[in-house]
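Examining the three-dimensional arrangement
Each chain, written out:
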Amino acid sequence: MTAQWVMYGIKNCDTIKKARTSLTASGIDYRFHDYRVDGIDDALLQSFIDQVGYEVLLNTRGTTWRKLPEAERDAINDAASAKALMLAQPAIIKRPVLSAPNGDLLVGFNESLYHAFIQEKS
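To keep things clear, this report deals only with the structure shown in the data block. In this convention, every chain numbers its residues from 1, walking through the sequence in written order. Side-chain atom pairs in this predicted model are given and counted only at pLDDT of 80 or more, local residue features only at pLDDT of at least 70, and totals for whole chains, interfaces and linings cover all residues. The side-chain figures draw on all heavy atoms in the structure; neither hydrogens nor water molecules are used.

Counting from the N terminus, the helices are DSSP H or I runs at least four residues long and the strands are E runs at least two residues long. Broken down by element type, the protein chain carries eight helices and four strands. Reading the protein chain from its N end, one meets helices and strands in the order β-α-β-α-α-α-α-α-α-β-β-α. For a compact globule the rule gives 2.2 Å times the number of residues to the power 0.38, and the radius of gyration it is set against comes from C-alpha atoms. Over its C-alpha trace the protein chain gives a radius of gyration of 14 Å, about what one expects of a compact globule, namely 14 Å for 122 residues. On the principal axes, the C-alpha backbone points of the protein chain span a range of 45 × 25 × 25 Å. Categorising residues by exposure relies on relative accessible area from a 1.4 Å probe, with only protein chains included: less than 20% of the type maximum marks a residue as buried, more than 50% marks it as exposed, and the intermediate range marks it as partly exposed. For the protein chain, with 122 residues in total, the buried portion stands at 41%. Partitioning the intrachain contacts of the protein chain with sequence separation of at least 6 by distance along the chain shows that 61% fall at a separation of at least 24. Residues count as neighbours in contact if any of their non-hydrogen atoms are within 4.5 Å of one another.

What follows is the structure, given as structure tokens:
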């Protein structure tokens, strides 16, 4: 099977919608992995953490984070605690995570960074 572009996120997220539009406009054929439908397993999340760090993946600016009790937020102080939270509540993973065919990742969405990443990895 040929390696392909994969976008990870949640279908109804506005940022995901913008990123998907950008990929389509760039002519990129990709697969969409919805955390709510497809889930995320320990090994995949660990591979993300190994590549970009849990600090990049953990969305501390979103609603899911803000709704957590303060004690639970305060307990997230290393990769293991962040990973456990992200596995339990995938909506707290920063979106989107874009995986290039070679496995390199880009987290979040910025139009110009997307175009540069796509050109570099295509």
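Let's shift gears to the side chain of Asp34. Tracing the backbone shows Asp34 in strand S2 (residues 30-34). In summary, the charge assignment counts Lys and Arg as positive and Asp and Glu as negative, without counting His or the chain termini. Here, a salt bridge means any Lys or Arg side-chain nitrogen found within 4 Å of an Asp or Glu carboxyl oxygen. It turns out Asp34 is buried and unbridged, and the closest side chain with the opposite charge, Lys11, is 5.3 Å from it. Here a polar contact means two N or O atoms within 3.5 Å. Within protein one must be a hydrogen donor candidate and the other an acceptor candidate, and residues neighboring in sequence count only if both atoms are side-chain atoms. A polar atom in the side chain of Asp34 sits 3.2 Å from the backbone nitrogen of Lys11. Discounting chain neighbours no more than four positions away, the residues touching Asp34 are Gly9, Ile10, Lys11 and Gly39.

Further remarks concern the packing of helix H1 (residues 14-25) against helix H8 (residues 111-121). Note on geometry: axes are lines fitted to C-alpha atoms, helical ones only across the stretch in contact, with angles between N-to-C directions running from 0 to 180 degrees. Look at H1 against H8: their axes get within 11 Å of each other, and the N-to-C directions meet at 40°. Taken together, the axes of H1 and H8 lie oblique to each other. Along this stretch, H1 crosses H8, giving a crossing that reads as right-handed. Contacts from Ala19, Ser22 and Leu23 of H1 reach H8 at Glu111, Tyr114, His115 and Ile118. Throughout, the term roughly parallel applies to angles under 35 degrees, roughly antiparallel to angles over 145, roughly perpendicular to angles from 65 to 115, and oblique to all others. By convention the crossing between two helices is left-handed if the near helix lies anticlockwise of the far one by an angle smaller than a right angle, and right-handed if it lies clockwise.

Each neighbour pair has its own omega, and for Arg95 with Pro96 the value is -15°, a cis peptide bond. Along the chain, the position of Pro96 falls in the loop between helix H7 (79-88) and strand S3 (97-99).

A few words now on the pairing of S2. Burial analysis of S2 places four of its five residues in the buried class, which makes it a mostly covered element. We call two strands paired when DSSP finds no fewer than two bridges between them. As defined by bridge partners, strand S1 (residues 5-9) adjoins S2 across five bridges and the pair is classed as parallel. Bridge assignment links Val6 to a residue of S2, and that residue is Arg31. A crossover counts as right-handed when, viewed with the strands pointing away from the observer, the path leading from the first strand over the helix to the second turns clockwise. Viewed along the sheet, the connection from S1 through H1 into S2 turns out right-handed.

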